[in-house]
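Take a look at the letters that make up each chain.
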Amino acid sequence: MKRFFSTQNRFTILLLWGLVLVMAGLVYNAYRSNELSPFAGWVIGLVSVFILWVLLDTRYVLRNNFLFYRSGPIRGRIAIGKIKSIRKHSGLFVPVTLKPALDVNGYIITYNQYDDIFISPKNPDEFIHELKKINPEIVIL
């Protein structure tokens, strides 16, 4: 089993931590002035927990010929034998729907017939090398 954590873009990390801190401040001020409804407190709390979960638990694991990805509650697996290609991508606009990553620089993995995922492993050369050991037919673009 090989584990790879996501790279972290400073802007993204600062933005997400900033959101958590602002929401915590709002809840604290509303609680102090007795203006916090229980529903609003729960919603803000759940959103904060979701953001923290993504920040603290975004990684990729290679195990038993599968690539497991997780970013908070977003989880899944891809059979490495079904991976067709990997291409480097950089920029804010990522042309895929599934993006379990904390960076704007990373790789788009195409698998099955038309499925894509964007990931950003910390050690990309080692990550790609491990994938190619399992499936040498992966095309690197």
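For the structure, see preceding data.
Student: Hey, could you run me through the layout of surface pockets in this one?
Tutor: The rolling of a water-molecule-sized probe over the atoms marks out the regions of remaining empty space. In this structure, the largest pocket encloses a volume near 420 Å³. In terms of lining residues, the largest pocket is bounded by 18 residues, among which T12, L16, K99, A101 and L102 are the most central. Those elements giving two or more residues to the lining of the largest pocket turn out to be α1 (10-32) and α2 (38-56). When residues in the lining of the largest pocket are grouped by element, the largest group, four residues, is from α1. A per-class count over the lining of the largest pocket returns 14 nonpolar, two polar and two charged.

Student: It is not clear to me how the side chain of S85 should be interpreted in this structure. Could you clarify?
Tutor: Residue placement: S85 occurs in strand β5 (residues 83-90). Judged by relative accessible area, which is 13%, S85 ranks as buried.

Student: So what exactly am I meant to see when it comes to the packing of aromatic side chains here?
Tutor: Both the distance between ring centres and the angle between the ring planes are used here to describe each pair of aromatic rings. Going through the model one piece at a time under the given rule, you end up with three aromatic pairs. The interplanar angle of 85° and the centroid separation of 5.1 Å between the aromatic rings of F4 and F127 together place this pair among those described as edge-to-face. With F4 in strand β1 (residues 2-5) and F127 in helix α3 (residues 124-134), this pair connects stretches of sequence that are 123 residues apart. Overall, F4 belongs to the buried group, its relative accessible area being 4%. Connected via pairs of aromatic rings, a cluster forms that spans F4, Y60 and F127. Here the guanidinium or amino end of R63 rests over the ring plane of F68, the centre of that ring lying 4.6 Å away.

About the thresholds
- Residues numbered from 1 in each chain as written.
- Predicted model: local features only at pLDDT ≥ 70, side-chain atom pairs only at ≥ 80, totals over all residues.
- Heavy atoms only, no water.
- 1 Å grid on protein atoms, 1.4 Å probe; cavity = no way out; pocket = protein on both sides within 12 Å on 5 of 7 lines; lining within 4 Å.
- Points joined across faces, edges and corners; volume = space filled by probe spheres on them.
- Helix = DSSP H or I, 4+ residues; strand = E, 2+ residues; numbered from the N terminus.
- Nonpolar A, V, L, I, M, F, W, Y, C, P; charged D, E, K, R; others polar.
- Buried < 20%, exposed > 50% of the residue type's maximum accessible area, 1.4 Å probe, protein only.
- Phe/Tyr/Trp six-rings, centres within 6.5 Å; stacked < 30°, edge-to-face > 60°.
- Lys NZ or Arg CZ within 6 Å of the ring centre and 35° of its normal.

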